[in-house]
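Fold and geometry: a report
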Amino acid sequence: MARSVAVKKGVKPAKSPNKSSYVLDEQVGFILRQVWQRHSAIFSREIGTNITPTQWAALSKLAETGACSQNQLGRLTAMDVATIKGVIDRLTARGLTETSQDPEDGRRLLVSLTRAGQQLAEKVAPNALAITRETLAPLEAKEREMLMALLNKLR
């Protein structure tokens, strides 16, 4: 007895998988995204306060460099104009950053940490270092060094 398969008009049946030279699990972008997801989960669990990775990047960079323009802060933290604006707006709303006119160029605003922002940056820095250690924990010391060197080369 022959079996018939009903096929909707205009719909082609799926082809069986073919051997493609592109294997998602072997692609650098896919692997980096999985590593980022793991790191983000560690960050969220261990940061110790309600702060996002981009907010932490801005806070820690301001603690490191001092006041700078929002545009410069965006470049230093690898954030586009819209992203850094949103980050600073949220940090300012929380009382962690403030803006003031640049004394050398009245058209430019400088972003700086408030006292509360400086205190938070100092308090959270040990947690952030622990997050990096945990993210890299599966690697041997030499592997960690090599990974960081290779990632820096890819920037």
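Figured I'd write up the structure that's included with this text. (Residues numbered from 1 in each chain as written. Predicted model: local features only at pLDDT ≥ 70, side-chain atom pairs only at ≥ 80, totals over all residues. Heavy atoms only, no water.)

With that settled, the discussion passes to the overall build of the chain. A count of helices and strands for the chain gives six helices and three strands. Taken from N to C terminus, the helices and strands of the chain fall in the order α-α-β-α-α-β-β-α-α. Out of the 155 residues in the chain, the part that is buried amounts to 26%. Sequence separation of at least 24 residues holds for 50% of the intrachain contacts in the chain that already meet a minimum separation of 6. When the accessible area of the chain is evaluated, it comes to approximately 11,800 Å², of which 56% is carbon and sulfur surface. (Helix = DSSP H or I, 4+ residues; strand = E, 2+ residues; numbered from the N terminus. Buried < 20%, exposed > 50% of the residue type's maximum accessible area, 1.4 Å probe, protein only. Contact = heavy atoms within 4.5 Å. Areas by Shrake-Rupley, 256 points an atom, 1.4 Å probe, with all protein chains shown as cover.)

The strand order across the open sheet formed by three strands is 1-3-2, and the pairing between neighbours is antiparallel. The open sheet has two edge strands, strand 1 (68-69) and strand 2 (97-102), and neither has a second partner. Two strands pair when backbone bridges link them, and strand 2 and strand 3 (residues 105-113) are joined in this way by six bridges, in the antiparallel orientation. Bridge pairing in strand 3 links Thr99 to Val111. In the packing of helix 2 (residues 53-65) onto the sheet, the strands contacted are strand 1, strand 2 and strand 3, and the crossing angle to strand 3 comes to about 105°. (Pairing = 2+ DSSP bridges. Axes fitted to C-alpha atoms, helices over the stretch in contact; angles between N-to-C directions.)

Once that is clear, we can look at the nonpolar core. Formed by 23 residues in total, the largest nonpolar core has its most connected members in Ile51, Trp56, Ala58, Leu59, Leu73, Ile88 and Leu91. Elements supplying a minimum of two residues to this core: helix 1 (28-46), helix 2, helix 4 (81-93), strand 3 and helix 5 (115-136). When residues of this core are assigned to their parent elements, the largest contribution, five residues, is made by helix 5. Those residues in contact with Leu91 that lie beyond four places of it in its chain are Gln55, Ala58, Leu59, Leu96 and Thr97. (Core = buried A, V, L, I, M, F, W, Y, C linked by side-chain atoms within 4.5 Å.)

Residues Val28, Leu32, Leu147, Met148, Leu151 and Leu154 make up a contiguous nonpolar surface patch of about 540 Å² in total accessible area. Only helix 1 and helix 6 (141-154) provide two or more residues apiece to the nonpolar patch. In terms of residue count, helix 6 provides more of the nonpolar patch than any other element does, four residues in total. As for its position among the elements, Met148 is in helix 6. Under the relative-accessibility criterion, Met148 is labelled partly exposed at 39%. (Patch = residues over 30% accessible without salt bridge, like charges linked within 9 Å, V, L, I, M, F, W, Y side chains within 5 Å. Salt bridge = Lys/Arg side-chain N within 4 Å of Asp/Glu carboxyl O.)

Right, let's talk about the packing of helix 2 against helix 4 for a bit. Their axes nearest at 10 Å, the elements helix 2 and helix 4 cross at an angle of 80°. Considering the angle they form, helix 2 stands roughly perpendicular to helix 4. Note on element contacts: helix 4 touches helix 2 through Ile84, Val87, Ile88, Arg90 and Leu91, opposite Thr54, Gln55, Ala58 and Leu59. Residue classes in the contact of helix 2 with helix 4 are distributed as six nonpolar, two polar and one charged. (Parallel < 35°, antiparallel > 145°, perpendicular 65-115°, else oblique. Nonpolar A, V, L, I, M, F, W, Y, C, P; charged D, E, K, R; others polar.)

Now for unusual backbone geometry. Although it is not a glycine, Ala78 adopts a positive phi angle of roughly 60°. For Ala78, the location among the structural elements is in the loop between helix 3 (70-76) and helix 4.

Let's shift gears to the pairing of strand 3. Direction of pairing for strand 1 relative to strand 3: antiparallel, over a ladder of two bridges. By the bridge assignment for strand 3, Ser69 is matched with Leu110.

Take the pattern of salt bridges next. This model, assessed by the stated rule, comprises seven salt bridges. Two residues, Arg45 and Glu46, come together in a salt bridge whose shortest N-O distance is 2.8 Å. Among the charged side chains, a network of salt bridges with common partners joins Asp102, Asp105, Arg107 and Arg108.

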